[in-house]
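One letter stands for each residue in the lines below.
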Amino acid sequence: MTKVEHTLKFVTEFDETHPVAQQALSIPHSDLVAMLEGLLKDLVVPALGPVLDEINARGTYAILKVAE
């Protein structure tokens, strides 16, 4: 099976006046990105499961999956 990898871009907007946002923004950028991507994976991927199952139920030539 041939795989075609594609990406989805997410943006997190922080209110710089909020104390929690200020703490998050004090984390080194690469660490903050890794943390946010981990949270997205933990929160969004399980919710996508049923949607992907529905999309793929009629799939005969291509199946959509979440890459690890």
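Further up the page is the structure itself.
Here the structure is a predicted model, which means the values were calculated and not measured.

Would you mind showing me how to read the overall build of the protein chain here?
Helix and strand content of the protein chain: two helices and zero strands. Radius of gyration (C-alpha) of the protein chain: 17 Å, far over the 11 Å computed for a compact globule of 68 residues. Each principal axis of the C-alpha distribution contributes one length, and for the protein chain these read about 50 × 20 × 15 Å. Per-residue burial over the protein chain gives 7% buried out of 68 residues. For the protein chain, the computed accessible surface area is about 6400 Å², with 60% contributed by carbon and sulfur atoms. Positive and negative side-chain charges of the protein chain, numbering 5 and 10 respectively, have mean locations separated by a distance of 13 Å.

Would you explain the layout of surface pockets in this entry?
Gaps between atoms show up when a probe of the same size as a water molecule is rolled over them. Roughly 1500 Å³ of internal volume is contained in the largest pocket. Along its surface, the largest pocket is lined by 33 residues, and His6, Thr7, Leu8, Val66 and Ala67 are the ones closest to its centre. Ranked by the residues each element gives to the lining of the largest pocket, the list is headed by helix 2 (residues 29-57), at eleven residues. Broken down by class, the residue content of the lining of the largest pocket amounts to 21 nonpolar, five polar and seven charged.

Reading guide: rules and limits
Residues numbered from 1 in each chain as written. Predicted model: local features only at pLDDT ≥ 70, side-chain atom pairs only at ≥ 80, totals over all residues. Heavy atoms only, no water. Helix = DSSP H or I, 4+ residues; strand = E, 2+ residues; numbered from the N terminus. Rg over C-alpha atoms; globule rule 2.2 N^0.38 Å. Buried < 20%, exposed > 50% of the residue type's maximum accessible area, 1.4 Å probe, protein only. Areas by Shrake-Rupley, 256 points an atom, 1.4 Å probe, with all protein chains shown as cover. Lys, Arg positive; Asp, Glu negative; His and termini not counted. Charge placed at Lys NZ, Arg CZ, Asp CG, Glu CD. 1 Å grid on protein atoms, 1.4 Å probe; cavity = no way out; pocket = protein on both sides within 12 Å on 5 of 7 lines; lining within 4 Å. Points joined across faces, edges and corners; volume = space filled by probe spheres on them. Nonpolar A, V, L, I, M, F, W, Y, C, P; charged D, E, K, R; others polar.

These values are about where atoms sit, not about what they do.
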